[in-house]
Each structure stands twice: as structure tokens, then as C-alpha cells.
Amino acid sequence: MSIRLAIVGAGYWGPNLVRTALATPAFRLDWLCDLDIERARAVVGPYTTVRPTDSYDAILSDPDVDAVAIATPAATHFDLVRSALEAGKHVLVEKPLTPSAAEGDKLASLALQSGLVLMCDHTYCYTPAVQRIRELICSREIGEVQFIDSVRINLGLVQPDVDVLWDLAPHDLSILDFVLPKEVTPVGVAAHVGDPIGAGRACLAYLSLWLSNGALAHVHVNWLSPTKIRTAVFGGSRRTIVWDDTNPAARLSVHDRGVDTIHAESLPQDQRRQALVSYRVGDTLIPALPEREALMSVMAEFSAAIRERRAPLTDAYAGLRVLRVLEAASRSVDSGGVRVSLSEVNA
Ligand SMILES: NC(=O)c1ccc[n+]([C@@H]2O[C@H](COP(=O)([O-])OP(=O)(O)OC[C@H]3O[C@@H](n4cnc5c(N)ncnc54)[C@H](O)[C@@H]3O)[C@@H](O)[C@H]2O)c1
């Protein structure tokens, strides 16, 4: 039996959900809802069994609908997700889960109590590259994570409702949340932002994250860069992973190059004053990655979680952890860029 699905939001991102849901055998797409019904009609086209509507209530009151996928602006997520869960529907919601951690917390609890799947579309976590990074980190192939440097800059749409931190950093933060071992979590955040064009909101941001194992992570997001750069470096004590998402021939490379430290006590007395670091120059490996569209994997995971009645890989709590870091970052910005402890935000 197919899972009967309705999609809400036919703007920029919604049509991607429509296309991938239609290509996922586990789903049967029944509805596409948008406040602008002409937009919904244009996306489904004339030769389709998918019903366009501007009435969310029509979807929620349709007993055949099992699940709802929401691609509307973040400010609408809380109300739309809550009413879908209250109507007994499973939910896939776009990032960010909600505009505040308090709201995200309520939704996560509601989903848990009602035994429904609430999945956050952290799309990048479903890319073959990020899944391989996770394997390499969690299997300790690269040793202990020592630093992370993530850059996501291009000429992006200046969003009307959110700043660049809340628009782009959820991608980087959800990736960090996904690839790091469970015990390595952010403990402090400092954020510095700029609005050089007078847009009224931050258009570029630099985010420093202190991790519980002593590592430091940095995230740079920017809507104003004429060149598109999407790279991340995951430095480990044994190896370093370089991810360049704009280079399909070698999205990932794993470098057996780095800096080793020599413990002074292991050196003869007369050499102890010499450098305590040594440089390791080894091979670089380019892992073979399958070409698989991340959103197809998102749909597969959503349907599998519904069928197996289990939490999806990127559940509401993953969404909530990202929100807590974003809130701490916004608090840091409001306080002139000071370091904000995550325990202050979680309290
Ligand atoms: N996962 C990703 O990589 C990715 C990429 C882009 C956007 N997004 C997310 O997708 C969401 C939507 O972004 P977008 O760029 O498509 O926005 P958009 O403004 O282009 O489209 C939103 C659509 O939702 C409709 N809408 C708004 N409120 C509604 C309501 N209450 N009921 C029904 N329809 C409603 C609007 O009419 C509009 O057509 C955001 O949360 C954004 O962060 C995710």
C-alpha cells in the first residue's frame, strides 16, 4: 500500500519535493497545496492526478492522507506542523524546523507523544559525500576531529524574512550534527555578521563553534560572493577530509597529510628544544561516491521511517539541536560577538 502524501508550498523548493515524491514508489502524491493556487496548478501541470488546492484544511481533513511534506517559509512551520500532527499525519518539514528552539521543542514532544514521524529535511545529510564523511569520522578513520572549516558562499537571494545565518547556516550545522560522533557536541558559539549593502539583515556571517572534545569549528556563510564556494575541511589527528561540493570529479579527498606532535619526554635531552611538531606527507585518496540525488534519499528515509515506525535519521531532535546553535549565534550577534555557552540556551 502506498503512503498517501500531500505537499504544501509550491515556491522555489516545493517543486523539488513534488518531483522526487512522484519518483518514489512508496508514495502516492494526492495533493499540492499553496496559498497561491495558480502556482500549485502550474507545478502539477494539466495531466496529473495530483489535486492542487489553496486549502490546508482540505488536506488535513482528508482521511486518506497519511503524511504531509512542508516547504513553506520558516515562520509558518510551527502552525502547519502542529496542526498536521494533531490531525494524525506524519510530517516532513523543511529546514529550519521552526524559527525558535522553544517551538521546535514543542513539535518534537508532540510527535513523540503521538507516535508520528516528524522529519526535518536536512538535505545535505543525505548526499553520498556527507554520508561518507560521517563514516570516515565515526569509524575514527581520520582519528580525533581537531578542526572543521566550512564555507558556503555565493550570490544568494537576500531573503525577506531571515538573515543569512538562519538561511544558510542550518545546512552546515545540520552536517556537523550528522557527521560528528554523538559525544562531540557544540558547547559554545560566537558569531560575527555584516550587512554591507544595507539590506536590513545580516548578509554574511562568521560562526565559531567550540566543540566538547576541544576542537574548533568555523562556518562562513555569505549571500554576496560572486563566486560559489562550498567546501568543508574536517581535520583529524590521523587524516584530513576535504569536501568540495562544486567539484563532481572529486567531491571528497582524504589526505594522509598533517602535523604530528612529538612529546618532549620521548626526545633525547639535547633535542628537546627542537621543534615539537613534525609534518607528515602521505597519500591522498579520492573515494568513489555513488551519484544519487539527496532528495530522493530524503524521500526514501521518510517513507522507511513511516513504515518502520521509527525515528528518521534527521528527526525533530536533530532539527532542534541546529536551532539551539542558531539561537546561541543570534544571541552572540546581539551581544557584539561574545562567546555564548550552549548550556545557557539549552537551560
Ligand atoms: N533543503 C534545502 O536545501 C532547501 C532549499 C531551499 C529552501 N529550503 C526551505 O524550504 C522552505 C521554503 O523555501 P522557498 O525558498 O521554497 O520559499 P518560497 O517563498 O519560494 O515558497 C514558499 C511557498 O509557500 C507558500 N505558502 C506560504 N505560506 C503558506 C501556507 N500557510 N499554506 C500554503 N502555502 C503557503 C507561498 O505561497 C510560496 O509559494 C524554507 O523553509 C526554506 O528554508 C530548503
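See the structure above.
Residues numbered from 1 in each chain as written. Predicted model: local features only at pLDDT ≥ 70, side-chain atom pairs only at ≥ 80, totals over all residues. Heavy atoms only, no water.

### Some thoughts on a nonpolar patch on the surface
Together, Val259, Val277 and Tyr279 make up a nonpolar patch on the protein surface, roughly 300 Å² of accessible area in all. Within the element layout of this structure, tyrosine 279 appears in strand β14 (residues 277-285). Residue classification places tyrosine 279 among the exposed positions, given a relative accessible area of 65%. (Patch = residues over 30% accessible without salt bridge, like charges linked within 9 Å, V, L, I, M, F, W, Y side chains within 5 Å. Areas by Shrake-Rupley, 256 points an atom, 1.4 Å probe, with all protein chains shown as cover. Salt bridge = Lys/Arg side-chain N within 4 Å of Asp/Glu carboxyl O. Helix = DSSP H or I, 4+ residues; strand = E, 2+ residues; numbered from the N terminus. Buried < 20%, exposed > 50% of the residue type's maximum accessible area, 1.4 Å probe, protein only.)

### A few points about the site of the ligand
Near the ligand there are 19 residues, and of these Trp13, Asp34, Arg39, Lys95 and Thr123 occur at the shortest range. A distance of 2.9 Å separates an oxygen atom of the ligand from a polar backbone atom of tyrosine 12. Contacts to the ligand include lysine 95, whose backbone N or O atom sits 2.8 Å from an oxygen atom. For the ligand, whose accessible area on its own is 860 Å², the fraction buried by protein is 80%. (Near = heavy atom within 4 Å. Polar contact = N/O pair within 3.5 Å; in protein donor to acceptor, adjacent residues only side chain to side chain.)

### A look at the pairing of strand β7 (residues 145-155)
The pairing of β7 with strand β11 (residues 224-236) spans nine bridges and is classified as antiparallel. Within β11, the position partnered with phenylalanine 147 by the bridge is glycine 235. The sheet contact formed by β7 and strand β10 (residues 216-222) spans seven bridges and is parallel. Paired with phenylalanine 147 across the two strands is leucine 216, which belongs to β10. (Pairing = 2+ DSSP bridges.)

### Remarks on the sheet that holds β14
Pairing is mixed across the open sheet formed by nine strands, whose spatial order is β14-β13-β12-β11-β7-β10-β9-β8-β15. Every other strand in the sheet has two partners, leaving β14 and β15 (340-341) as the edge strands with one partner each. In this sheet, strand β9 (residues 204-211) lies alongside strand β8 (residues 186-194) in antiparallel orientation, the contact comprising eight bridges. Bridge pairing in β9 links alanine 191 to leucine 207. Taken strand by strand, helix α7 (residues 164-179) contacts β7, β8, β9, β10, β11 and β12 (240-244), and its axis lies near 145° from that of β10. Contacting β8, β9 and β15, helix α9 (residues 316-334) crosses the sheet at an angle of about 50° to β8. (Contact = heavy atoms within 4.5 Å. Axes fitted to C-alpha atoms, helices over the stretch in contact; angles between N-to-C directions.)

### So, the environment of threonine 227
Residue position: threonine 227 is located in strand β11. Put simply, threonine 227 and alanine 288 are 61 residues apart on the chain and 26 Å apart in space, counted from C-alpha to C-alpha. If we skip the residues at most four places from it in the chain, threonine 227 touches Ile153 and Asn154.

### Things to note about helix α5 (residues 101-114)
In a regular helix each residue adds 1.5 Å, so 14 residues correspond to 20 Å; α5 covers 20 Å between its end C-alpha atoms and thus fits that length. On its buried face, α5 sits against α4 (77-86), β6 (118-121) and α9. Positive phi shows up at glycine 115, right after α5, with a value of about 70°. (Expected span 1.5 Å × (residues − 1).)

### A few points about the pattern of salt bridges
Two side chains bearing opposite charge may form a pair once their charged atoms approach each other closely. Inspection of every chain in the model, using the stated rule, returns 21 salt bridges. Salt bridges linked by common partners bring Arg4, Arg28, Asp30 and Asp64 together as one network.

### Considerations on the pairing of strand β2 (residues 27-33)
Taken residue by residue, a regular strand's side chains alternate between the two faces of the sheet. Across the seven residues of β2, six count as buried, placing the element largely inside the fold. With six bridges connecting them, strand β1 (residues 3-8) and β2 associate as parallel partners. Across the sheet, the residue bridging to leucine 5 is leucine 29, located in β2. Crossover connection from β2 via helix α2 (residues 37-44) to parallel strand β3 (residues 51-53): handedness right-handed. (Right-handed = clockwise from strand over helix to strand, strands pointing away.)

### Focus: the sheet that holds β6
The parallel open sheet is built from six strands, whose spatial order is β3-β2-β1-β4-β5-β6. Of all strands in the sheet, those bounded by a partner on one side alone are β3 and β6. Each adjacent strand pair in this sheet contributes to an overall mean axis angle of 20°, direction not counted. Where strand β5 (residues 90-94) meets β6, four bridges bridge the pair, whose relative direction is parallel. For leucine 92, the partnering residue across the bridge sits in β6 and is methionine 119. The strands touched by helix α1 (residues 14-22) are β1, β2, β4 (67-70), β5 and β6; relative to β1, the strand with the most contacts, the crossing angle is about 165°.

### Concerning the packing of helix α6 (residues 128-138) against α7
Packing of α6 against α7 leaves a shortest axis separation of 9 Å and a crossing angle of 40°. Comparing the axis directions of α6 and α7 gives the class oblique. Here α6 contributes Val130, Gln131, Ile133, Arg134, Ile137 and Cys138 to the contact with α7, which in turn contributes Ile175, Phe178 and Val179. Across the contact of α6 with α7, the residue classes break down as seven nonpolar, one polar and one charged. (Parallel < 35°, antiparallel > 145°, perpendicular 65-115°, else oblique. Nonpolar A, V, L, I, M, F, W, Y, C, P; charged D, E, K, R; others polar.)

### Focus on the side chain of threonine 53
Within the secondary structure, threonine 53 sits in strand β3. A polar side-chain atom of threonine 53 sits 2.9 Å from the main-chain amide nitrogen of serine 55. With residues near it in sequence (within four places) discarded, threonine 53 still touches Trp31, Leu32, Cys33, Asp34, Ile37, Ala58 and Ile59.

### Section: the packing of aromatic side chains
Enumeration according to the criterion identifies three aromatic pairs in this entry. With centroids separated by 6.0 Å and ring planes inclined at 45°, the aromatic side chains of tyrosine 12 and tryptophan 13 adopt a geometry described as tilted. Tyrosine 12 gets classed as exposed once you look at its relative accessible area, which sits at 73%. Geometrically, the ring pair formed by phenylalanine 27 and phenylalanine 302 is tilted, given 5.8 Å between the ring centres and 35° between the ring planes. Of this pair, phenylalanine 27 sits in strand β2 while phenylalanine 302 sits in helix α8 (residues 294-308), placing them 275 residues apart in sequence. With respect to class, phenylalanine 27 is no different from phenylalanine 302; both count as buried. The ring of tryptophan 31 carries arginine 51 above its face, with NZ or CZ at 4.2 Å from the centroid. For arginine 134, the ring lying beneath its charged end belongs to phenylalanine 178, and the centroid distance is 4.0 Å. (Phe/Tyr/Trp six-rings, centres within 6.5 Å; stacked < 30°, edge-to-face > 60°. Lys NZ or Arg CZ within 6 Å of the ring centre and 35° of its normal.)

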